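# Examination of the molecular architecture
Letter by letter, the chains look like this.
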Amino acid sequence: MSGQPADGQPIDRGLALLACPICASPFVREARVLHCATGHGFDLAKQGYVNLLRAPPPRNADTTEMVAARDRLLASGVYSPIRDAVGAACAEAKSVLEVGAGTGYYLAGAIAAATPDAHLALDVSVAAARRSARAGLATAVADTWRGLPVASGVVDRLLCVFAPRNPADFVRALAPNGMAVLVTPNPGHLAALRSTYGLLDVPEDKLERLDASMSAAGLQLADRTHIIFGPTLTADQAADLVAMGPNAFHRAAPLPTADVTVQVDVALSRYRKA
């Protein structure tokens, strides 16, 4: 990933993709304010991200503790095979957007692989946006389900890794021949961990439902890769894996206290804009 812009504002790398959430006009930056031609303005936070949510974050937004757990687990390299596959799926992309980007781990890998001209990380969690911006990524707080503050037809690769999806808005944001790159869990993903610790289940027909929802919006499956590996986690890593995602809100059993071998089983699906 390249260094920060000369004036130290990572958001500049995402301005070509961003659009005002009120009027959809493009942004320009003056000092620490983004503003559009119709007069709407949004201040940059001290960490460098911009909050475009215009409402309190939802109750299920990742907390500071969840983001810290995710940062520790991902920094350990446990999920590096997924990051490598995501990066490869973004080869030659001129612009990359990640929705539900969290700490920016996967987006940073895509940037390293593709060296795009523009990139943007979006997440509904302010805690996640802080970490992403500190890592030098152009970052904005936004809710995928409420609509992406992104210009139409400008994104070559749209990443969505274990995150909420808005297929209709994905289509709008993608450039002609652009692709959405989605990573979703298969039924076997962390199955032993899920059964032992009462974690959320993965429906057997998840991929069929995913394909149907994407197709209905105008995104056709181009290819799919299954990524399966079996890392052994320390007790701390296993605890972070449970605590970093939605299971943190639903967990019914104590966190792991011993090393455990898990099966990571996910699908990387690429959908092309029709």
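Our next topic: the sheet that holds strand 1 (residues 27–30). Here we have three strands laid out as an open sheet, ordered 1-2-3, and antiparallel in their pairing. Each edge of the sheet is formed by a strand with only one pairing partner; in this case those strands are strand 1 and strand 3 (41–43). Averaged over all neighbouring strand pairs, the angle between strand axes comes to 25 degrees, with direction disregarded. For strand 1 and strand 2 (residues 33–36), the ladder comprises four bridges, and the chain directions are antiparallel. Bridged to Arg29 within strand 2 is Leu34.

All right, on to the sheet that holds strand 5 (residues 95–99) then. Across the sheet, which stays open at both edges, the eight strands sit in the order 4-7-6-5-8-9-13-10 with mixed pairing between neighbours. Pairing within the sheet leaves two strands with one partner each, and these edge strands are strand 4 (50–51) and strand 10 (219–229). Sheet analysis places strand 5 next to strand 6 (residues 118–123), joined by five bridges and oriented parallel. Within strand 6, the residue paired with Val96 across the bridge is His119.

Moving on, we get to helix 3 (residues 105–114). Across the ten residues that make up helix 3, a large majority, eight, are buried. Tyr105, Tyr106, Leu107, Ala108, Gly109, Ala110, Ile111 and Ala114 are the residues of helix 3 that are buried. Residues of helix 3 that are buried make contact with helix 1 (64–75), helix 2 (80–89), strand 5, strand 6 and strand 8 (155–161). Trailing helix 3 by a residue or two, Thr115 shows a phi angle of about 45 degrees, which is positive.

Taken as a whole, the protein shows an average pLDDT of 92; of its residues, 94% reach a score of 70 or greater. Contacts for the low-pLDDT stretch residues 1–6, under 50 throughout, to residues beyond four places or in other chains number twelve contacts.

A few words on the pairing of strand 8. Within strand 8, seven of the seven residues are buried, leaving the element largely enclosed by the surrounding structure. Examined bridge by bridge, strand 5 and strand 8 share four bridges and lie parallel to one another. Paired with Val99 across the strands is Cys160, a residue of strand 8. As defined by bridge partners, strand 8 adjoins strand 9 (residues 174–185) across six bridges and the pair is classed as parallel. Its bridge partner lying in strand 9, Val161 is registered against Val183. With helix 5 (residues 167–173) bridging strand 8 and its parallel neighbour strand 9, the resulting β-α-β unit is right-handed.

Membership of the largest hydrophobic core comes to 39 residues, with the highest contact counts inside it found for Tyr79 and Ile82. Among the elements that make up this core, the one with the highest residue count is helix 3 (six residues). Listed in part, the 38 residues of the second largest apolar core include Phe27, Ala138, Phe170 and Met214.

By the definition in use, this model includes ten salt bridges. Between Arg29 and Asp12 there is a salt bridge, and its shortest N-O distance comes to 2.6 Å. Separated by 17 residues along the polypeptide, Arg29 in strand 1 and Asp12 in the segment before strand 1 bring together distant segments of the chain. Notably, a salt bridge pairs Asp169 with Arg172, separated by 2.7 Å at the nearest N-O pair. Placement of both Asp169 and Arg172 in helix 5 is noted, with a separation of three residues, approximately one turn of the helix.

Scoring rules and cut-offs
- Residues numbered from 1 in each chain as written.
- Predicted model: local features only at pLDDT ≥ 70, side-chain atom pairs only at ≥ 80, totals over all residues.
- Heavy atoms only, no water.
- Pairing = 2+ DSSP bridges.
- Helix = DSSP H or I, 4+ residues; strand = E, 2+ residues; numbered from the N terminus.
- Axes fitted to C-alpha atoms, helices over the stretch in contact; angles between N-to-C directions.
- Buried < 20%, exposed > 50% of the residue type's maximum accessible area, 1.4 Å probe, protein only.
- Contact = heavy atoms within 4.5 Å.
- pLDDT = per-residue confidence, 0-100.
- Right-handed = clockwise from strand over helix to strand, strands pointing away.
- Core = buried A, V, L, I, M, F, W, Y, C linked by side-chain atoms within 4.5 Å.
- Salt bridge = Lys/Arg side-chain N within 4 Å of Asp/Glu carboxyl O.

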